[in-house]
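Here is what each chain is made of, one letter per residue.
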Amino acid sequence: LAVVKMRDGDVNVSSGWMAGSIHKNEAMIRQILGRLVKAGLASSTAGSRGGAILGKASEDITLLNIYKAVEDKRIFGVHEGNGQCSIARFVDGYLGTFFENAEIRFESELRGVRLSEIADELYAELVESGFTPAPYHKPTVAMVTEKEAG
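For clarity, every value in this text was computed on a predicted model and none was experimentally measured.

Over its 26 residues, helix 5 (residues 86-111) runs 37 Å from end to end, which matches the ideal 38 Å to within 8%, given 1.5 Å per residue. Ala88, Phe99, Ala102, Glu103, Glu107 and Leu110 are the residues of helix 5 that are buried. Buried residues along helix 5 sit in contact with helix 4 (63-70).

Structure below.
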C-alpha cells in the first residue's frame, strides 16, 4: 500500500508490477489485495488498465488496519495441552497471558503508525539514495532531510 500511496493512491498499480518489485508470486499479491479490498483499505480494478488504488486516505490507514486485514491468526498461539496435567495447565495459562500482553503491546505500536508516514519516509529515502520515483507523490507532511535541517 505504501507504493500505491506514493502514486497518489489513485493511480492503478498492477499486481504484476507489485509482484515483480518484491520478487513474489502475483497470485499471492492478488490474495493479499483481496483482503485489503474486503477491509476497505484498497480498491481494485481488473483488466489490462486495472490495478489497485487506496480505499481511503492514507492518513486514515494504520499498520494495525493493514495487519488485521491481511493476517487472520493471532501472533502467538498456544497449542492445546493435556488438560489432565497440572503442569500443562499452568504452562498454557502462563504463556497465554504472556503472549496476550505481548500482542497488546504489538498492536499498540502498529496503531501508532500511519501509511502516509511510511510512504513519506520511503519516498524521502528513495530520493536521498539518488532514485527518483514517479512524480505522482504528494507528501502529506513536510519532509526535511538532515542536510536541509543543518
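Here the narrative resumes.
Within the structure shown, the criterion is met by 2 salt bridges. Across the salt bridge formed by Glu26 and Arg30, the nearest N and O atoms sit 2.9 Å from each other. With a gap of 4 residues between them, Glu26 and Arg30 both fall in helix 3 (residues 26-38), about one helical turn apart. Taking the relative accessible area as the measure of exposure, Glu26 reaches 35% and is therefore partly exposed. The exposure class assigned to Arg30 is partly exposed, which follows from its relative accessible area of 45%. In this structure, Lys68 engages Glu107 in a salt bridge whose closest nitrogen and oxygen atoms are separated by 3.6 Å. Here Lys68 is found in helix 4, whereas its partner Glu107 is found in helix 5, with 39 residues between them in sequence. In this structure Glu107 comes out as buried when scored by relative accessible area, which is 15%.

This next bit is on the packing of helix 3 against helix 4. Helix 4 packs onto helix 3 with a crossing angle of 115° between their chain directions and a minimal axis gap of 8 Å. Remark: the crossing between helix 3 and helix 4 carries right-handed chirality. Residues Ile32, Arg35 and Leu36 of helix 3 touch helix 4, and the partners they reach there are Ile66, Ala69 and Val70.

Membership of the largest hydrophobic core comes to 17 residues, with the highest contact counts inside it found for Met18, Leu36 and Ile66. Once residues lying within four places of it in the same chain are set aside, the contact partners of Ile66 are Leu1, Leu36, Leu41, Ile61 and Leu115.

Inspection of the entire model under this criterion finds 2 aromatic pairs. Between Tyr67 and Phe106, the ring centres sit 5.4 Å apart and the planes meet at 80°, which makes this aromatic pair edge-to-face. Of this pair, Tyr67 sits in helix 4 while Phe106 sits in helix 5; the two residues are 39 residues apart in sequence, bridging distant segments of the chain. Residue class for Tyr67 comes out buried when judged on its relative accessible area of 18%. A relative accessible area of 34% places Phe106 in the partly exposed class. Note on Phe98 and Phe99: the rings are 5.8 Å apart at their centroids and 55° apart in plane angle, and the pair reads as tilted.

Attention shifts here to the layout of surface pockets. In this model, the largest pocket occupies a volume close to 470 Å³. Lining the largest pocket are 17 residues; nearest its centre among them are Leu1, Ala2, Met18, Ile22 and Leu36. Elements with a contribution of two residues or more to the lining of the largest pocket: helix 1 (2-6), helix 2 (15-22), helix 3, helix 4 and helix 6 (115-128). Counting residues per element, the lining of the largest pocket draws most heavily on helix 3, at 5 residues. Looking at side-chain class alone, the lining of the largest pocket contains 16 nonpolar, 1 polar and no charged residues.

Cut-offs applied
- Residues numbered from 1 in each chain as written.
- Predicted model: local features only at pLDDT ≥ 70, side-chain atom pairs only at ≥ 80, totals over all residues.
- Heavy atoms only, no water.
- Helix = DSSP H or I, 4+ residues; strand = E, 2+ residues; numbered from the N terminus.
- Expected span 1.5 Å × (residues − 1).
- Buried < 20%, exposed > 50% of the residue type's maximum accessible area, 1.4 Å probe, protein only.
- Contact = heavy atoms within 4.5 Å.
- Salt bridge = Lys/Arg side-chain N within 4 Å of Asp/Glu carboxyl O.
- Axes fitted to C-alpha atoms, helices over the stretch in contact; angles between N-to-C directions.
- Left-handed = near helix turned anticlockwise from the far one by under 90°.
- Core = buried A, V, L, I, M, F, W, Y, C linked by side-chain atoms within 4.5 Å.
- Phe/Tyr/Trp six-rings, centres within 6.5 Å; stacked < 30°, edge-to-face > 60°.
- 1 Å grid on protein atoms, 1.4 Å probe; cavity = no way out; pocket = protein on both sides within 12 Å on 5 of 7 lines; lining within 4 Å.
- Points joined across faces, edges and corners; volume = space filled by probe spheres on them.
- Nonpolar A, V, L, I, M, F, W, Y, C, P; charged D, E, K, R; others polar.

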